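Structural characterization, general
Listed below are the residues making up each chain.
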Amino acid sequence: MKHTLSVLVEDEAGVLSRISGLFARRGFNIESLAVGPAEQGGVSRITMVVPGDDRVIEQLTKQLYKLVNVLKVQDITETPCVERELMLLKVNASTSNRSEVIELSQIFRARVVDVAEDSLTLEVVGDPGKMVAIVQVLQKFGLREIARTGKVSLTRESGVNTELLKSLEAKV
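Overview of the structure. (Residues numbered from 1 in each chain as written. Predicted model: local features only at pLDDT ≥ 70, side-chain atom pairs only at ≥ 80, totals over all residues. Heavy atoms only, no water.)

Our next topic: the sheet that holds strand 1 (residues 2-10). Strand pairing in a sheet relies on backbone hydrogen bonds. The paired strands run either parallel or antiparallel. With antiparallel pairing, the four strands of this open sheet are ordered in space as 2-3-1-4. At either end of the open sheet lies a strand with only one pairing partner, and these are strand 2 (32-37) and strand 4 (70-75). Between one strand and the next, the sheet's axes are offset by a mean angle of 15 degrees, whatever the strand orientation. Where strand 2 and strand 3 (residues 43-51) come together, six bridges link them in antiparallel fashion. Directly across from S32, in strand 3, lies its bridge partner V49. Its contacts with the sheet put helix 1 (residues 15-25) on strand 1, strand 2, strand 3 and strand 4, and the angle it makes with strand 3 is roughly 20 degrees. (Pairing = 2+ DSSP bridges. Helix = DSSP H or I, 4+ residues; strand = E, 2+ residues; numbered from the N terminus. Axes fitted to C-alpha atoms, helices over the stretch in contact; angles between N-to-C directions. Contact = heavy atoms within 4.5 Å.)

An α-helix turns once every 3.6 residues. As a result, residues three or four positions apart point the same way. What helix 4 (residues 128-138) keeps buried is the set K130, M131, I134, V135 and L138. All buried residues of helix 4 fall inside an arc of 130 degrees around its axis, so they share one side. On its buried face, helix 4 is in contact with strand 5 (81-92), helix 3 (98-107), strand 7 (119-126) and strand 8 (143-148). With a side-chain oxygen lying 3.0 Å from the backbone nitrogen of G129, the N-terminal cap of helix 4 falls on D127. (Buried < 20%, exposed > 50% of the residue type's maximum accessible area, 1.4 Å probe, protein only. Arc of directions from axis to C-beta. Polar contact = N/O pair within 3.5 Å; in protein donor to acceptor, adjacent residues only side chain to side chain.)

Laid out in structure tokens, this is it:
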């Protein structure tokens, strides 16, 4: 199972290196990683997607707390969250299929950010599932390049679980 960890750290040189080193020494992979300033000055938020069962994640959490600059670690996998990812996607788009590529990209609310003679560059923002879906749909045109950020996530203050709402809606 994939877990999403939200880690608050002191914004100092080498913190990310120590955290990634901890994972590497224990043979764990980090599937997604996003780092940026948090709401407090001098503090950064690291959002990581890590594969492992509950026991493994509990061990990693304990190990993270042993690092000097780590302030708080939360496994937010089961917590209602707002999750987003950004992807830039360069797609083959000749004059014959350009309108179809644009039409399909609009379904995903993707924006065209660059137009070339034989390609389009799209900007897509959304949850990780949306990223997978648009890649599958546009695959038939030929994908030249993909650049994705890691997942960023914040817990929902409202406590509303959108995944639960989606599953209830699907049953109706």
